[in-house]
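Tertiary structure, described
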Amino acid sequence: MLISGRVKITVTTAAGREIVLQFCGPGDLVGEFAVIDRGSRSGTAEALEPVEALAISAADFRAMIETMPGFAVALLRSVVRRFRDSDRMRVEFAAAQTLGRVAARLIELADRHGEPVDGGIAITLPLSQEELAGWTGSSREAVAKALHTLRALGYIRTERRRIIVLDEEELRRQAS
C-alpha cells in the first residue's frame, strides 16, 4: 500500500513500447492481483517521486483477506473500481479519437491529482507526452496534436511536464 508518493504501473509490449496501465497514489494498493491469484505480476511499478509504502508478505495479505471481512470488502471494492476503469477505457478506445481519449485522461488526472490554482486546476502528477500517449493508446505525435488543439480551444495550458485545466466543463464535454 502506498503511504505517500505516486507510481505509474506499466507493461512493455513485445515491440518495446511502454503502455501505462494506471497511476497510483497514497492509499492505493500495488501488486495485489498477483498475491490474490498467485500469478505473476502484470505490470511494473515505477516511482514518479519519492515513495513510502507498506509492504505485506503474500501469506500475511492472504490471511488478512480470509480473517478480516472489512479488509476483504475494501479490497473487493478496489478491484471492482479497477475493472470498471478498464471497461470504461476499453469503450473509450473503441469509440473516441485521440482528442477525446486525451481529454478523458486529463479529467481523470485533474480529479485524482489536481490542485486548485488561480484560473484552473493544476495536475500535480508530472507527466510526459510519451507517458500520456502510452496511457491513451496513442502515438506521442497524436497526443502532441491533441494537446495543441486543447490549448488552442482554451481548455488547458501546458508547461514542462505540467498541465493546468482551464475549462473543466468543456474538457469533460470533449471527453464524452
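Scoring rules and cut-offs
Residues numbered from 1 in each chain as written. Predicted model: local features only at pLDDT ≥ 70, side-chain atom pairs only at ≥ 80, totals over all residues. Heavy atoms only, no water. Core = buried A, V, L, I, M, F, W, Y, C linked by side-chain atoms within 4.5 Å. Buried < 20%, exposed > 50% of the residue type's maximum accessible area, 1.4 Å probe, protein only. Helix = DSSP H or I, 4+ residues; strand = E, 2+ residues; numbered from the N terminus. Contact = heavy atoms within 4.5 Å. Pairing = 2+ DSSP bridges. Axes fitted to C-alpha atoms, helices over the stretch in contact; angles between N-to-C directions.

**Quick word on the nonpolar core**
- Ranked by internal contacts, the top residues of the largest apolar core, which has 28 residues, are Leu106 and Leu171.
- For this core, the secondary-structure elements that each account for two or more residues are strand E3 (18–24), helix H4 (98–113), strand E7 (120–123), helix H5 (129–136), helix H6 (140–152), strand E9 (162–165) and helix H7 (168–175).
- By residue number, the principal contributor to this core is H4, which donates seven residues.
- If we skip the residues at most four places from it in the chain, Leu171 touches Ala103, Leu106, Ile107, Leu150, Tyr155, Ile156 and Val165.

**Regarding the sheet that holds strand E4 (residues 44–47)**
- Strand order across the open sheet formed by three strands is E3-E2-E4, with antiparallel pairing between neighbours. In this open sheet, the two strands that pair with only one neighbour each are E3 and E4. Going across the sheet, the axis of each strand differs from the next one's by a mean of 30 degrees, ignoring polarity.
- For strand E2 (residues 7–12) and E4, the ladder comprises four bridges, and the chain directions are antiparallel. For Lys8, the partnering residue across the bridge sits in E4 and is Glu46.
- Along the sheet, H5 makes contact with E2 and E3, crossing E3 at roughly 95 degrees.

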